[in-house]
Amino acid sequence: MPPAAKRVPWRWLVAGRASRRLVLVVVFVALLLDNMLLTVVVPIVPTFLYTTEYEGTNSSVAPAQTEPAPPALKAPPFSSMFSYFDNSTVTVSGSMSTMDLANGTESSHLPQPLASSPPLPSSCPEGKEFLAKENIRVGLLFASKALVQLVINPSVGLLTNRIGYHIPMFIGFIIMFLSTVMFAFSGTYTLLFIARALQGIGSSFSSVAGLGMLASVYTDDFERGNAMGIALGGLALGVLIGAPFGSVMYAFVGKSSPFLVLAFLALLDGALQLCILQPSKISPESTKGTPVFTLLRDPYILVAAGALCFSNMGVAMLEPTLPIWMMQTMCSPKWQLGMAFLPASISYLIGTNLFGILANKMGRWLCSLIGMAVVGISLLCVPLAKNIYGLIGPNSGLGFAIGMVDSSMMPIMGYLVDLRHTSVYGNVYAIADVAFCMGFAIGPSTGGAIVRAIGFPWLMIIIGVINIAYAPLCWYLRNPPAKEEKIAILSQECPMQTKSYTTQKTLRDFPLTDDSDVEAENAE
């Protein structure tokens, strides 16, 4: 084999490591897998806990309470007959002879079944008190991931400033893989809780390092907005595939199957990171980033973080409570519990990709303001649904609006750091991820308790009104001022760039002389 042919793969690998698009692909896949694992458990956990804990307990108690009935020559005045033809139970009155029973025939005086209210469909779960308590337990389990991520994020932001983005990204892959395998083989609430918390650690490394890496690679604001929109499309695609994929695989294959598929995909992502990112390479930032607490004192960053938090809190509250509400009011089968989120996921995918480009033209502040208002209106409409088809409209509006907010606020966070602080992005995207996680921590943990106290409709009203009330604050992001010291730095480093935005004077030849300003004025 000639030496030139051997060098071709290495040339491709070197070119790939220098390509911004392949970095975007790596971040896209990492966010895709993270959010598939985030949402694949949504339809599985409530029904799995109900099956293993409530039905398992009752099925073990029921045989002990059942005693064989003594043989009797005459049937009681009211008795039940089970039909193996149509799996129905019929209550009859009167008596039947022993000969009739033996021959399996009905006597001529057999009366008609007693008129009674129609029974509930067989798909309706029993144990409403258990389901009410399960709201809180499932909410805490879902919130554990976000709570852990909330604590870990600031440390990951500092770590990326010191050693770069590549190693934290790979650490996130390893932890996510372990969490996925643990989900597959966990059979109790405690093990599921630990697996969910472990996912929070891996997600913190992946999301903070991934978004910071994109912001550092795409320095132009317009290109950064497009790249963030594509990366958030991976997040949206994970949310889109996760819940329906989990519900179908759990209903027809088994609990472990969706998690084993995700573990295999995670291995492919790890191989891609090894080839493209070189995670053994330490590449700290050349300049020291702005401290987290300094960024947290910036009111414009806080407004942007609040928009991320409250808009995502709505769907975070829906994740643990909507499946249980559907089980109680709609008697929905297992596969429908995940399919209910499909309209929101599809519209979120459309919204992030569409407004990644449009938001820069129409104004990201306006896009976020409209998005939060639509989030609130959509949440108010959710309790009006009587079946799964009634959820299509509200969930579609919810996903589309959250896509508007996310695709606008993520680039704004990087823009605010460029405008008002040092252009190092690990800490600011740690704050963005903290805001995202606060929504997914507060939402599920408080949502279950609120549902048990005042009901699901009131929960939707509360979070819907909060989003509508917060929307006008996005107006303050319309034209954020730059810090005075940042303006001075910009004017020293690139004076021609700052002049180009404020004047249209004719260009002058270099080098400039003392009389150059007078000559330029005469030329005008």
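An unreviewed UniProt entry lists the protein under the name Chromaffin granule amine transporter, with Eudyptes sclateri as the source organism. Among the UniProt annotations of the protein, the heading Sequence similarities (unreviewed entry) holds the following wording: "Belongs to the major facilitator superfamily. Vesicular transporter family."

**Q** Whenever I open this one, the overall build of the protein confuses me. Can you help?
**A** Tallying secondary structure elements over the protein gives 20 helices and 2 strands in all. Counting every position in the protein, which comprises 524 residues, the buried fraction comes to 48%. Residue pairs in contact within the protein that sit at least 24 positions apart in sequence constitute 83% of those at least 6 positions apart.

**Q** Where do I start with the packing of aromatic side chains in this structure?
**A** Two aromatic rings are characterised by how far apart their centres lie and by the angle between their planes. Under the definition given, this model contains 7 aromatic pairs. Centre to centre, the rings of tyrosine 189 and phenylalanine 193 are 6.3 Å apart; their planes meet at 40°, and the pair counts as tilted. A residue pair is termed a helical-turn pair when its members lie 3 or 4 positions apart in one helix, as tyrosine 189 and phenylalanine 193 do in helix α7 (residues 189–217) at 4 residues. On the accessibility criterion, tyrosine 189 (17% relative accessible area) is buried. Classification of phenylalanine 193 as partly exposed rests on a relative accessible area of 32%. Plain terms: the ring middles of phenylalanine 355 and phenylalanine 400 are 5.5 Å apart, the flat faces sit at 75° to each other, and that makes the pair edge-to-face. With phenylalanine 355 in helix α13 (residues 342–362) and phenylalanine 400 in helix α15 (residues 392–420), this residue pair connects regions lying 45 residues apart in the sequence. One Lys or Arg, arginine 137, reaches over the ring of tyrosine 189 and ends 4.3 Å from the middle of that ring.

**Q** Just to check I follow, could you spell out the side chain of serine 408 for this structure?
**A** Turning to its location among the elements, serine 408 is positioned in helix α15. Judged by relative accessible area, which is 0%, serine 408 ranks as buried. Every residue in contact with serine 408, bar those within four places of it in the chain, is listed here: Ala359, Arg364, Cys367 and Ser368.

**Q** Which parts of the structure should I look at to understand the pattern of salt bridges?
**A** Two side chains that carry opposite charge are able to pair once their charged atoms sit near each other. With the rule as written, the count across this model stands at 1 salt bridge. Its salt-bridge partner being aspartate 298, residue arginine 420 comes within 2.8 Å of it at the nearest N-O pair. Of the two residues, arginine 420 is situated in helix α15 and aspartate 298 in the loop between α10 (292–296) and α11 (299–329); the sequence distance between them amounts to 122 residues.

**Q** How should I be thinking about the environment of alanine 373 in this particular structure?
**A** Structurally, alanine 373 can be placed in helix α14 (residues 364–381). Judged by relative accessible area, alanine 373 falls into the partly exposed class, the value being 24%. Between the alpha carbons of alanine 373 and valine 465 there is a distance of 9.1 Å; along the sequence they are 92 residues apart. Setting aside residues up to four positions removed in sequence, alanine 373 forms contacts with Ile468 and Ala471.

**Q** Is there a simple way to think about empty space enclosed by the protein in this case?
**A** Leftover empty space is mapped by rolling, across the atoms, a probe with the size of a water molecule. If you walk through the whole model with that rule in mind, you get 4 cavities of 30 Å³ or more. Reported here for the largest cavity is a volume of approximately 210 Å³. Residue lining of the largest cavity: 19 residues in total, with Val239, Val315, Glu319, Tyr348 and Ile402 positioned closest to the centre. Put simply, the parts of the chain that give the lining of the largest cavity at least two residues each are α2 (20–40), α8 (221–252), α11, α13, α15 and α16 (426–454). Looking at the lining of the largest cavity residue by residue, the class counts come to 12 nonpolar, 5 polar and 2 charged.

**Q** How do you make sense of the packing of α2 against helix α9 (residues 256–276) when you look at a structure like this?
**A** In a pair of packed helices, the angle between the axes and the distance between the axes together describe the arrangement. Here α2 crosses α9 at 160°, and the two axes come no closer than 10 Å. Of the possible angle classes, the one that applies to α2 and α9 is roughly antiparallel. For the pair α2 and α9, the crossing hand works out as left-handed. Mapping the contact onto sequence places Leu22, Val25, Val26, Val29, Ala30, Leu33, Met36, Leu37 and Val40 in α2 and Pro258, Phe259, Leu262, Leu265, Ala266, Asp269, Leu272, Gln273 and Ile276 in α9.

**Q** In this structure, what is going on with the nonpolar core? I would like to understand it.
**A** General note: in soluble globular proteins, nonpolar side chains tend to be found buried as a group. Counting 110 residues, the largest nonpolar core has Leu322 and Tyr429 as the members making the most contacts within it. Per element, the largest residue contribution to this core is 17 residues, and it comes from α11. Grouped together as the second largest cluster of nonpolar side chains are 5 residues, Val156, Phe205, Val208 and Ala430 included.

**Q** It is not clear to me how the side chain of serine 207 should be interpreted in this structure. Could you clarify?
**A** Structurally, serine 207 is set in helix α7. In this structure serine 207 comes out as buried when scored by relative accessible area, which is 5%. From its side chain, serine 207 meets the backbone oxygen of serine 203 in a polar contact 2.7 Å long. Sequence-distant contacts of serine 207, that is, excluding residues within four places in its chain, are made with Leu31, Gln149 and Asp433.

**Q** Help me understand the environment of alanine 305 in this model?
**A** With respect to the element layout, alanine 305 can be found in helix α11. The spatial distance from the C-alpha of alanine 305 to the C-alpha of valine 428 is 9.7 Å, given a sequence separation of 123 residues. Dropping the residues within four chain positions of it, alanine 305 is found in contact with Met413, Ile431 and Ala435.

**Q** Would you mind showing me how to read the packing of α13 against α15 here?
**A** At a minimum axis distance of 7 Å, the contact between α13 and α15 shows a crossing angle of 35°. Both α13 and α15 take part in a crossing whose hand is right-handed. Residues Pro343, Ala344, Ser347, Tyr348, Ile350, Gly351, Thr352, Leu354, Phe355, Gly356 and Ala359 of α13 form the contact with α15, whose own contacting residues are Ile392, Asn395, Ser396, Gly399, Phe400, Ile402, Gly403, Met404, Asp406, Ser407 and Ser408. Residue composition of the contact of α13 with α15, by class: 11 nonpolar, 10 polar and 1 charged.

**Q** Explain α14 here, please?
**A** Note on helix geometry: an α-helix contains 3.6 residues per turn, so any two residues three or four positions apart are oriented the same way. Compared with an ideal rise of 1.5 Å per residue, which puts 18 residues at 26 Å, α14 spans 26 Å between its outermost C-alpha atoms and is within 8% of the ideal. All of the buried residues along α14 are Arg364, Trp365, Cys367, Ser368, Gly371, Met372, Val375, Gly376, Ser378 and Leu379. All buried residues of α14 lie within an arc of 165° about the axis, which places them on one face of the element.

So, how was this worked out
The residue count restarts for each chain, going from 1 along the sequence in the order it is written. The predicted nature of this model means local features are confined to residues of pLDDT at least 70 and side-chain atom pairs, given and counted, to a pLDDT of 80 or more, with totals for whole chains, interfaces and linings taken over all residues. Hydrogens and waters are ignored; side-chain quantities use all the structure's heavy atoms. UniProt positions are given in the numbering used here, feature names are shortened, and annotations may be inferred rather than shown by experiment. Starting at the N terminus, helices and strands are each numbered in turn, a helix being any DSSP run of H or I of at least four residues and a strand any DSSP run of E of at least two. Accessible area is worked out with a 1.4 Å probe on protein chains only. A residue is then buried under 20% of its type maximum, exposed over 50%, and partly exposed in between. Contacts are residue-level and defined by heavy atoms, with any inter-residue pair within 4.5 Å sufficient. By convention, a stacked pair of Phe, Tyr or Trp rings (six-membered ring in the case of Trp) has centres within 6.5 Å and planes under 30 degrees apart, an edge-to-face pair has planes over 60 apart, and any other such pair is tilted. For a ring to carry a charge above it, either NZ of a lysine or CZ of an arginine must fall within 6 Å of the ring centroid while also lying within 35 degrees of the normal to the ring plane. Salt bridge, as used here: a side-chain nitrogen of Lys or Arg that lies within 4 Å of a carboxyl oxygen of Asp or Glu. For each structure, a 1 Å grid was placed over the protein atoms alone; sets of points admitting a 1.4 Å probe that cannot get out are labelled cavities, open sets with protein on both sides within 12 Å along at least five of seven lines are labelled pockets, and lining residues have an atom within 4 Å of a point. Grid points are joined across faces, edges and corners, and a volume is the space filled by probe spheres set on the points. Here the term charged refers only to Asp, Glu, Lys and Arg, the term nonpolar to Ala, Val, Leu, Ile, Met, Phe, Trp, Tyr, Cys and Pro, and the term polar to all other amino acids, Gly among them. The convention used is that axes are lines fitted to C-alpha atoms, helices contributing only their stretch in contact, and that angles between N-to-C directions extend from 0 to 180 degrees. Angles below 35 degrees are treated as roughly parallel, those above 145 as roughly antiparallel, those between 65 and 115 as roughly perpendicular, and all remaining angles as oblique. When the near helix sits turned anticlockwise from the far one by under a right angle, the crossing is termed left-handed; a clockwise turn instead gives a right-handed crossing. Residues belong to a common nonpolar core when they are buried Ala, Val, Leu, Ile, Met, Phe, Trp, Tyr or Cys residues joined through side-chain atoms within 4.5 Å. The term polar contact refers here to a pair of N or O atoms within 3.5 Å; inside protein, the definition further demands a hydrogen-donor-capable atom paired with an acceptor-capable atom, and it admits residues adjacent in sequence only when both atoms are side-chain atoms. Helices are assigned an expected span. That span is 1.5 Å times one less than the residue count. The arc in question is formed by the directions pointing from the helix axis toward the C-beta atoms.

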